[in-house]
Amino acid sequence: MNEYNIAVVGATGAVGEVLIELLEKRNFPIKKLYPLASERSAGKTVMYKNKPIIVGNLAEFDFSTAQIGLFSAGGDISAEFAPKAANASCIVIDNTSHFRRDNDIPLVIPEVNPGKISEYSNRNIIANPNCSTIQMLLALKPIHDAVGIKRINVATYQAVSGSGKGAISELARQTAELLNGRAAECSVYPRQIAFNAIPQIDAFLENGYTKEEMKMSWETKKILDDDSIMLSATCVRIPVFYGHSEAVQVETHEHISETNARKLLAKAQGLVVMDKREDGGYPTAVHEATGNDPVYVGRIREDISVDNGLNMWVVGDNIRKGAALNSIQIAEELIKTYL
């Protein structure tokens, strides 16, 4: 098997740490690993196969020495360095939102649209979708293939880890402060996140939706290659460390029973159906999603408010399948089929 030099940009961040963990766990064929970060974090070490590796300075790295670059260090960093890496013949798999809407850059979930990986050669860049979009479409692709999706209404309940290490620390700190009778100070979020729900993720746009909510609409249409799908999202940040949850309502072009929907989902790659109509017979972010690779689906039922409607509850680890794992699965398919 061929081996590849892999650069991990943002190696000391929440997603970067899991990228390195999963590269080792999945036995990705690595010849040399280059963990990279900003000058502030350069010089630190990360562990890979029980050995410490020094984190390099991204600004000084020669990307011609790597065949694949896994980027997860923020949109501004990707905007500056991903084209440099791509021009140096390093294929970039980017986990930020910066390139997702570019028509000539494929936006890929390997279980949903793997063939789009072939378009990497347009610019040597592949975009990783938004974490919420990934887990939702993993659950909806079998339904769309079977009966066609007309409309999606989704409410997301998203973990603070989606905002990075600073948000994880803020939730832990605020929780401790409030339990000890002290006021909670906010720095990452505009309102207190501990014991609260914040109905804002990312900036507000002119139409009243946030950018996170519109990402789900834009990305769904691109990934499913269907501009006719209507989607409305409300994205909420909740005081959970890891694991996003989604209440998904879909309206399909043709009727599908909940029994047939459950059968389709049970056969789908990357999904686990957990759908018993009893106390605790459904997946949760804490018990099922966190630390695990699959996306879990439960509460599957026909919608009583609309014809051809289907409701479901979808949970997944936003750092794993929602970010790091999806990136690595793209890389695995890339080297298997195209390199």
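Residues numbered from 1 in each chain as written. Predicted model: local features only at pLDDT ≥ 70, side-chain atom pairs only at ≥ 80, totals over all residues. Heavy atoms only, no water.

What should I look at first to understand the pattern of salt bridges in this one?
Close approach of charged atoms lets side chains of opposite charge pair. Within the structure shown, the criterion is met by 18 salt bridges. For the salt bridge of Asp-202 with Lys-215, the shortest nitrogen-to-oxygen distance reads 3.3 Å. Linking Asp-202 in the loop between helix H4 (165–179) and helix H5 (211–224) with Lys-215 in helix H5, this pair joins segments that are 13 residues apart in sequence. For Asp-202, a relative accessible area of 36% corresponds to the partly exposed category. Here Lys-215 falls in the buried class, since its relative accessible area comes to 9%. Between Arg-262 and Glu-258 there is a salt bridge, with its nearest N and O atoms 3.9 Å apart. With Arg-262 and Glu-258 both in helix H6 (residues 258–267), this residue pair falls four residues apart, about one helical turn. Salt bridges here are not isolated pairs; linked through shared partners, they connect Glu-258, Arg-262, Asp-275 and Arg-277. (Salt bridge = Lys/Arg side-chain N within 4 Å of Asp/Glu carboxyl O. Helix = DSSP H or I, 4+ residues; strand = E, 2+ residues; numbered from the N terminus. Buried < 20%, exposed > 50% of the residue type's maximum accessible area, 1.4 Å probe, protein only.)

Hey, could you run me through the environment of Tyr-242 in this one?
One can find Tyr-242 in the loop between strand E10 (230–237) and strand E11 (244–252). For Tyr-242, a relative accessible area of 33% translates into the label partly exposed.

Got a minute to help me understand the sheet that holds strand E9 (residues 149–158) in this structure?
To summarise the sheet geometry, strands pair through backbone hydrogen bonds and adopt either a parallel or an antiparallel arrangement. Taken in spatial order, the six strands line up as E10-E9-E11-E14-E13-E12 in an open sheet, and their pairing is mixed. Bordering the open sheet on either side are E10 and strand E12 (271–273), each of which pairs with just one other strand. Direction aside, the axes of adjacent strands within the sheet are offset by 20 degrees on average. Across eight bridges, E11 lies against strand E14 (residues 309–316) in antiparallel orientation. Within the sheet, the bridge partner assigned to Gln-249 lies in E14 and is Asn-311. Each of E9, E10 and E11 touches H5; the most contacted strand, E10, lies at about 145 degrees to it. (Pairing = 2+ DSSP bridges. Axes fitted to C-alpha atoms, helices over the stretch in contact; angles between N-to-C directions. Contact = heavy atoms within 4.5 Å.)

Just to check I follow, could you spell out the environment of Lys-44 for this structure?
Inspection of the secondary structure assignment puts Lys-44 in the loop between strand E2 (30–37) and strand E3 (45–48). Overall, the relative accessible area of 45% leaves Lys-44 in the partly exposed class. Separated by 243 residues in the primary sequence, Lys-44 and His-287 place their C-alpha atoms 32 Å from one another.

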